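# Coordinate analysis (summary)
Now for the letters of each chain:
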Amino acid sequence: MEGNPPESCIEECVHEVKRARILGARVEVREEWDPGPRADSIDLMVKSLTLPSIDEIPILSAILRTLYDRKVKIYEYEALPLDEARVDRLTRLINHSFKEGRGIILVAPSLLPISLISRLDQEKLEILESKLAIQATIRYTNMLYLPDSNIVRADGIEIIAKRNSEASYERAEWLRDMATRLGINVKRITTLEDNTEILRYITMGGVNTLYTRVPVTKVASLVIALSRCLSLEGILPLEKRDTATHLIYAIGITPTEARRIGEKILSYTGKPVSKMWMNIFEKHINTGCSKGITSLYTRIL
């Protein structure tokens, strides 16, 4: 393996995203929420647009389709690779939007706001906490993997989860149970800050550590895509029915728009991601898959 990864690896990564399915959704729009004055420009802050988790896509699609007549600028706080911790980047983005007086929509996993408590000043934190507009729980198909039990060393594997991620902790326990069923010893579950740190950690020993340090984040889908296009042996894909809860904080949109976002999220139940695909996804997810696959490929050479 030399140079850049084959184009087929990037195509496999995009295909992996598009064929995932939204199994269901539960949405609560807060009646007591006060959005403040309507803003013409909105800063939309999401974990990732270039390589989103499957559960993020119906939420992003619903927001962008509802606010089609508004100037929406999208900021990622957990792109891959990222040269700063996600909570540091998110804090910086929030401070900038407040300073500019722009509308804000923040889509955050349920535990992420805990990380902001020590980073944002008290006034901004209280404002943000009062702007929780929607809580959305998404059920979806997710791909994880385990190494083939025939090639696992006697001391077993390490499962790698993301810190302050409820969904990540749950996936780690599920994967540990699956490993036990397959006769694979799990020596520990390790938590790291974000996907950039996880990708570095699972590739420290080149390709060999993909079989001993197993991620439960979107990095797992990169490993699966790469294993398929390069015919890497010993990677066993596993489909999991997953659930993740997101908190949507909003400043500068109307209650009617919030309700429409919630209704749109619910309308995606039972549909594959390809049915909620938008031109903006095509452009950015191709970029994200290219960067993610290339980062993984060059580190396992």
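Coordinates for the structure precede this section.
Predicted model only: the values in this text are computed from it and were never measured. (Residues numbered from 1 in each chain as written. Predicted model: local features only at pLDDT ≥ 70, side-chain atom pairs only at ≥ 80, totals over all residues. Heavy atoms only, no water.)

A word on the environment of Thr 243. Position of Thr 243 relative to the elements: it lies in strand E9 (residues 235–251). Residue classification places Thr 243 among the partly exposed residues on the basis of a relative accessible area of 39%. In this structure, the C-alpha to C-alpha distance between Thr 243 and Leu 23, residues 220 residues apart in sequence, is 9.4 Å. Discounting residues that sit within four places of it in the chain, Thr 243 has contacts with Thr 137, Ile 138, Arg 139, Tyr 140 and Ala 167. (Helix = DSSP H or I, 4+ residues; strand = E, 2+ residues; numbered from the N terminus. Buried < 20%, exposed > 50% of the residue type's maximum accessible area, 1.4 Å probe, protein only. Contact = heavy atoms within 4.5 Å.)

Of all the six residues making up strand E2 (residues 41–46), six are buried; the element is thus mostly covered by neighbouring parts of the structure. Here E2 shows a buried face lined by Ser 41, Asp 43 and Met 45 and a second buried face lined by Ile 42, Leu 44 and Val 46. For the handedness criterion, the β-α-β arrangement of E2, helix H2 (residues 57–66) and strand E3 (residues 71–76) is classed as right-handed. Pairing geometry for E2 and strand E4 (residues 103–109), over four bridges, is parallel. Along E4, the bridge assignment pairs Asp 43 with Ile 104. (Right-handed = clockwise from strand over helix to strand, strands pointing away. Pairing = 2+ DSSP bridges.)

All right, on to the sheet that holds E3 then. With respect to topology, six strands assemble into an open sheet ordered E1-E5-E9-E4-E2-E3, the strand pairing being mixed. If you trace the sheet from one side to the other, it starts and ends with strand E1 (22–29) and E3, each paired once. Neighbour-to-neighbour, the strand axes of the sheet open up by a mean angle of 25°, direction not taken into account. (Axes fitted to C-alpha atoms, helices over the stretch in contact; angles between N-to-C directions.)

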